[in-house]
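# Chain and residue survey
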Amino acid sequence: SQQGEEDPQALSIQEGENATMNCSYKTSINNLQWYRQNSGRGLVHLILIRSNEREKHSGRLRVTLDTSKKSSSLLITASRAADTASYFCATVRMGQKLVFGQGTRLTINP
Amino acid sequence: EAGVAQSPRYKIIEKRQSVAFWCNPISGHATLYWYQQILGQGPKLLIQFQNNGVVDDSQLPKDRFSAERLKGVDSTLKIQPAKLEDSAVYLCASSLSSWGRSSYNEQFFGPGTRLTVL
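As a starting point, this report considers the structure included with it. All figures in this text were calculated on a predicted structure; none of them were measured in a lab.

## Observations concerning the side chain of A:Gln33
Its location among the elements puts A:Gln33 in strand β4 (residues 31-37). Among the polar contacts made by the side chain of A:Gln33, one reaches the side chain of A:Asn31 at a distance of 2.8 Å.

What follows is the structure, encoded as structure tokens:
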């Protein structure tokens with residue numbers, strides 16, 4: 001069964017705008033990760049945030065984690081056409097097993 | 001550095017036929033994973049190998065799916081016989097990690113094999 005649920009399921013914005021995706025999960029975690037999947041390609045790891053961290057940045061990406069609410073958000077600033085992809089959150093409870101959500105399909109319009 | 005290689009990229013078969021997928025992980029990666037990704041969903045772990053041993057196969061439908069990693073390097077995933085609901089993308093991933101280590105090692109994914117069962 002899938003642990004994470006992303007919201008919204010689909011998001012369409014104009015190039016240059018910011019995109020925010022949310023992820024909720026059900027059980028305690030060791031860390032939470034965000035992945036990107038372009039059409040026809042495999043998954044690419046974007047960022048990892050550990051359960052004792054609240055915010056993390058990587059380039060135009062900002063991830064927050066609220067363990068009390070069991071939720072995370074991914075913010076992409078100054079979006080580009082190349083950011084068009086599906087974005088998945090994945091949780092890790094123990095060991096290395098990733099449990100993925102259903103993803104958010106992001107479309108950046110020129 | 002070469003990434004995770006998978007073949008074939010696409011496969012179309014009829015139900016009840018057999019199919020096999022191949023994965024070659026990144027050199028030196030001890031852990032190998034097979035995921036199933038049904039259209040519109042996130043990937044689901046089918047099986048995890050640590051070297052040539054199985055660590056987790058709790059979500060592998062063992063009546064029809066099998067996987068092996070005999071020499072602890074490349075791996076094959078087989079479906080026999082295939083059902084319509086097996087239509088999906090099968091992703092292989094690898095990582096440096098050893099099972100039980102507290103630190104996380106990033107998983108690197110291959111491009112996947114898209115299976116269509118008619």
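## As for the pattern of salt bridges
Residues and elements named next belong to chain A. Scanning the entire structure with this criterion turns up six salt bridges over all chains. A salt bridge links Lys56 to Glu53; its shortest N-O distance comes to 3.8 Å. Accessibility expressed as a relative area gives 24% for Glu53, which makes it partly exposed. Note that Asp83 is salt-bridged to Arg60, the shortest N-O span being 2.9 Å. Placement of the pair is Asp83 in the loop between β8 (71-76) and β9 (85-92) and Arg60 in the loop between β6 (55-58) and β7 (61-66), with a sequence separation of 23 residues. Taking relative accessible area as the criterion, Arg60 reaches 22% and is therefore assigned partly exposed.

## Let's talk about the sheet that holds strand β1 (residues 5-7) of chain B
Strand pairs in the sheet, formed through backbone hydrogen bonds, run parallel or antiparallel to each other. All names here are of chain B. Taken together, four strands build an open sheet; the order of strands is β1-β3-β8-β7 and the sheet is antiparallel. Each having just a single partner strand, β1 and β7 (65-68) make up the two edges of the open sheet. When strand polarity is set aside, the average angle formed by the axes of neighbouring strands in this sheet is 15 degrees. As judged from the four bridges shared by β7 and strand β8 (residues 75-79), these two strands associate in the antiparallel manner.

## Looking at the packing of aromatic side chains
All names here are of chain B. A complete count under the given rule lists nine aromatic pairs over all chains for this structure. Both rings, one in Phe21 and one in Tyr90, keep their centres 5.0 Å apart while their planes meet at 25 degrees; by these two values the pair is stacked. Residue Phe21 is located in strand β3 (residues 19-24), and its partner Tyr90 is located in strand β9 (residues 88-95); the two are separated by 69 residues in the primary sequence. Neither residue differs from the other here; Phe21 and Tyr90 are each classed as buried.

Basis of the calculations
Per chain, the residues get numbers from 1 upward, laid out in the order the sequence is written. Key to labels: chains lettered from A, ligands numbered from 1, both in the order written. Selection of residues for local features in this predicted model requires a pLDDT of at least 70, selection of side-chain atom pairs for listing and counting requires 80 or more, and totals for whole chains, interfaces and linings are taken over all residues. As a rule here, side-chain values come from all non-hydrogen atoms in the structure, and water together with hydrogens is ignored. Think of it this way: any DSSP run of H or I at least four residues long counts as a helix, any run of E at least two long counts as a strand, and we number them from the N terminus. Pairing of N or O atoms within 3.5 Å defines a polar contact, subject to two protein rules: one partner must be a possible hydrogen donor and the other a possible acceptor, and residues neighboring in sequence count only if both atoms are side-chain atoms. The working definition used for a salt bridge is a side-chain nitrogen of Lys or Arg within 4 Å of a carboxyl oxygen of Asp or Glu. Each residue is placed in one exposure class: buried if its accessible area under a 1.4 Å probe, protein chains only, is under 20% of its type's maximum, exposed if it is over 50%, and partly exposed if it falls in between. When DSSP finds at least two bridges between two strands, those strands are taken to pair. Angles here are taken between N-to-C directions and fall from 0 to 180 degrees, while the axes themselves are lines fitted to C-alpha atoms, restricted in helices to the stretch in contact. Two aromatic rings from Phe, Tyr or Trp, using only the six-membered ring of Trp, form a pair when their centres are within 6.5 Å; if the ring planes differ by under 30 degrees the pair is stacked, by over 60 it is edge-to-face, and anything between is tilted.

Note that every value here comes from positions in space, so none of it alone points to a role or purpose.
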